[in-house]
Amino acid sequence: MSIPLSFRPRQDTLPPDEGSWHGDTQSFELKVLSKESDVSDATALRLRAYQAIGYDVSSDNGKYTDRFDALPTTVLLGAYDHGRLVGSVRLCFNHPWQTVSSLPCGPYYPALKEIKSKVDGALVEVSRLSIEPGINNTSYRTTLYAFLVRAALTAAQAAEVSMLLIATRPDWVKFYKYMLGFQPIGEPAFYPPGDFKITLLGGSLKLAEKRQKLQNRFFKITPEEVASMRVAIQPALAASAVRDDDDKVAVTG
């Protein structure tokens, strides 16, 4: 069952007729997606969104997925407007004793290995952010994008990670630098699907929280939201704390 969260920041910057897919609400609904049909909807939205921006991806089942979607340490978040899924984002958690190969971005950004060696605590990769391509209102899309980023930050706080990694297209790099103070890690790379070079940015949770306080109130995250998120993503956090034999070999070998 997918879990609704206590997470409804107002979209006060939008005119009433542009605040929603339907034009009569000021908030999205956020869910941690675990129900099979919800996950299917999200990965189908991902395929449509990727095709709309020019990725050469196709699928026999109408969805775009990879092996990381099925890992117990992965969390998929969905944004809903009046019950309709309009956006999603994926979080992949990495325990301190795991290698960077357990992250989707690991094989494509060699500089990450050294950075991880200097970080105390867990990492989380935020990627696969997708917005319904049928939404053409620029203000709406921008607010939805920020909503999903805010959701990812809430999950990072709930998991108490030390560092966030964000894989994004070059046109969003300035957003993350300004809003969160994040900086590029290594050079842009052909992160899958690989049609365009993707920038990997990183920063500490403390830095992100500090920058949030300097930005608008949209990014203010309440303790209630963090507590709600912590309960919802607990299965993924518990899974990332389980150290199996394969991981021991990866760490010591």
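Reading guide: rules and limits
Residues numbered from 1 in each chain as written. Predicted model: local features only at pLDDT ≥ 70, side-chain atom pairs only at ≥ 80, totals over all residues. Heavy atoms only, no water. Helix = DSSP H or I, 4+ residues; strand = E, 2+ residues; numbered from the N terminus. Buried < 20%, exposed > 50% of the residue type's maximum accessible area, 1.4 Å probe, protein only. Contact = heavy atoms within 4.5 Å. Areas by Shrake-Rupley, 256 points an atom, 1.4 Å probe, with all protein chains shown as cover. Disulfide = S-S within 2.5 Å. Phe/Tyr/Trp six-rings, centres within 6.5 Å; stacked < 30°, edge-to-face > 60°. Lys NZ or Arg CZ within 6 Å of the ring centre and 35° of its normal. Lys, Arg positive; Asp, Glu negative; His and termini not counted. Salt bridge = Lys/Arg side-chain N within 4 Å of Asp/Glu carboxyl O. Polar contact = N/O pair within 3.5 Å; in protein donor to acceptor, adjacent residues only side chain to side chain. pLDDT = per-residue confidence, 0-100. Pairing = 2+ DSSP bridges. Right-handed = clockwise from strand over helix to strand, strands pointing away. Core = buried A, V, L, I, M, F, W, Y, C linked by side-chain atoms within 4.5 Å.

Moving on, we come to the overall build of the protein chain. Of the regular secondary structure elements, the protein chain holds eight helices and eight strands. Going through the 253 residues of the protein chain one by one, you find that 51% of them count as buried. Look at the contacts in the protein chain between residues 6 or more apart in sequence, and 72% of them connect residues 24 or more apart. Element-wise, carbon and sulfur atoms account for 52% of the exposed surface of the protein chain, whose accessible area totals about 12,200 Å².

Moving on, we get to the environment of Q234. Its place among the elements puts Q234 in helix α7 (residues 234-240). Taking relative accessible area as the criterion, Q234 reaches 38% and is therefore assigned partly exposed. Along the sequence, Q234 and V75 sit 159 residues apart, while their C-alpha atoms lie 9.9 Å from each other.

Turning our attention to the state of the cysteines. On inspection of all chains with the given rule, the structure shows zero disulfides. With no disulfide of its own, C92 has C105 as its nearest cysteine by sulfur position, at a separation of 8.6 Å. Exposure remark for C92: the relative accessible area of 2% places this residue in the buried category. Its relative accessible area of 0% is what places C105 among the buried residues.

All told, the structure shown has 11 aromatic pairs when counted by the stated rule. Arranged with centres 5.4 Å apart and planes meeting at 85 degrees, the rings of W172 and F175 form a pair that is edge-to-face. The exposure class assigned to W172 is partly exposed, which follows from its relative accessible area of 24%. Three or more aromatic residues link up through ring pairs in this structure, and these residues are Y50, Y55, Y64 and F196. Taking the ring centre of F68 as reference, the NZ or CZ of R67 above it sits at 4.2 Å.

Quick look at the side chain of E125 now. Looking at where E125 falls in the secondary structure, it is placed in strand β5 (residues 123-131). Here E125 occupies a buried position and makes no salt bridge, while the nearest side chain of opposite charge, R90, is found at 5.1 Å. In this structure the side chain of E125 is engaged in a polar contact, spanning 3.2 Å, whose partner is the side chain of S127. Within polar-contact distance, the side chain of E125 engages the side chain of Y191 at 2.6 Å. With near-sequence residues (within four places) excluded, E125 lies in contact with R90, L91, C92, L103, P104, C105, L165, A167 and Y191.

The next subject is the confidence of the model for the protein chain. Of all residues in the protein chain, 81% have pLDDT values of 70 or greater, and the mean over the chain is 83. Note that residues 9-25 has pLDDT below 50 and, in this model, 44 contacts with residues that lie over four places away or in other chains. Confidence drops under pLDDT 50 across residues 244-253; counting only partners more than four residues distant or on other chains, this segment forms nine contacts.

Now for the pairing of strand β6 (residues 163-168). Of all six residues making up β6, six are buried, and the element is well covered by its neighbours. As judged from the four bridges shared by β5 and β6, these two strands associate in the parallel manner. Directly across from L123, in β6, lies its bridge partner M163. In this region the chain leaves β5, passes through helix α3 (residues 138-159) and returns to the parallel neighbour β6; the handedness of that crossover is right-handed. Pairing of β6 with strand β8 (residues 199-204) involves six bridges; the strand directions are antiparallel. By the bridge assignment for β8, M163 is matched with S204.

Here the focus is the nonpolar core. A general tendency of soluble globular proteins is for nonpolar side chains to be buried together. Membership of the largest hydrophobic core comes to 47 residues, with the highest contact counts inside it found for L77, L91, F93, L144 and I233. The element best represented in this core is α3, accounting for 13 residues. Those residues in contact with L144 that sit more than four places away from it in its chain are F28, A79, V86, G87, I131 and I135. Within the second largest apolar cluster, 22 residues are counted, among which are L47, Y55, F68 and A189.

The tally for this structure, following the rule as stated, stands at eight salt bridges. Measuring nitrogen to oxygen at the nearest pair gives 2.7 Å for the salt bridge that ties R48 to E132. Residue R48 is located in helix α1 (residues 36-52), and its partner E132 is located in the loop between β5 and α3; the two are separated by 84 residues in the primary sequence. For R48, a relative accessible area of 36% translates into the label partly exposed.

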